[in-house]
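Structural features, examined
Residue-level listing of the chains:
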Amino acid sequence: MSENSLKETVTRLATPLVQAQGLEIWGVEIAQAGRTTVRVFVDLPLEVKQAQAALSADNLEDSADIMTARSASIDQCEEISRQLGLALEVEDLIEQAYVLEVSTPGFSRLFFSLDQMRSYVGDMVELRMVSAYAPENAPAARRAWRGVLREVTDSAVRVAPASVSAEGDICPEAMDEVLVPWDMVRRASRIHIFRQPQKPGKQPARKAAKAAPQGDAPKKGKGKSGKSKHPGRNEAEDI
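Residues numbered from 1 in each chain as written. Predicted model: local features only at pLDDT ≥ 70, side-chain atom pairs only at ≥ 80, totals over all residues. Heavy atoms only, no water.

Glancing now at the overall build of the chain. Counting its regular elements, the chain contains five helices and ten strands. Taken over 239 residues, the chain has a buried fraction of 32%. Residue pairs in contact within the chain that sit at least 24 positions apart in sequence constitute 61% of those at least 6 positions apart. Roughly 16300 Å² of accessible area belongs to the chain as shown, and the carbon and sulfur atoms make up 49% of that amount. (Helix = DSSP H or I, 4+ residues; strand = E, 2+ residues; numbered from the N terminus. Buried < 20%, exposed > 50% of the residue type's maximum accessible area, 1.4 Å probe, protein only. Contact = heavy atoms within 4.5 Å. Areas by Shrake-Rupley, 256 points an atom, 1.4 Å probe, with all protein chains shown as cover.)

As a further point, take helix α4 (residues 74-91). Residues that lie three or four places apart on an α-helix share one face, since the helix turns once every 3.6 residues. Here α4 contains 18 residues, and its C-alpha end-to-end distance of 26 Å stays within 8% of the 26 Å for a straight helix at 1.5 Å per residue. Those residues of α4 that fall on the buried side of the exposure criterion are Gln76, Cys77, Ile80, Leu84, Gly85 and Leu88. The buried residues of α4 occupy one face: seen down the axis, they fall within an arc of 160°. More than 90 degrees from the buried face of α4, the exposed residues found are Asp75, Glu89 and Val90. If you follow the buried residues of α4, they end up packed against α1 (3-20), β2 (36-43) and β3 (98-103). (Expected span 1.5 Å × (residues − 1). Arc of directions from axis to C-beta.)

In structure tokens form, the structure reads like this:
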């Protein structure tokens, strides 16, 4: 069975199980690195998320409660995985040993269609190309384009090339926005920005320099060089 056929069959079997939990299938991914892995991503329907976002977060105790309310629960994923695993055994679709994973898309979610990306305009994204690709106004071809998602059309996405600093700041590149055809994209994902927390404590105040009295030679001394500690980078996955 081809990869596309397997995806379609898994989607067909999983759809009623996912809908029974009040969820929807975000996407299905088949990984063939060594042992076959079947990944099913499930999420709350968009209209449910929008309704929950309109409610005041004051009714929830903490941020963990908020995230639980706006995504599928672990129990739901486990139940879907159990039932889907039984269905796959009955169908006997995969001859070799395989791993079945059911989870939410998460913060750094994959995009399986252009429609899914429309709600994330303004976020950082990564587009991995089928092969090195240079849009019309780009100085050189790249195997991956990263930047702020500006627009989603019927057949392409417009991105403002940028990177993310170690502190979690978006750093625009000195180039125009690029339009990338969807059929050239092998894998598209959102880049979640982890902002590094500031360390508690006050910055030492700078002392004003005192002028030496007239007639006295300035005193010589050894200066101290301060070292700044920077947190590690959160980089996108290498190609």
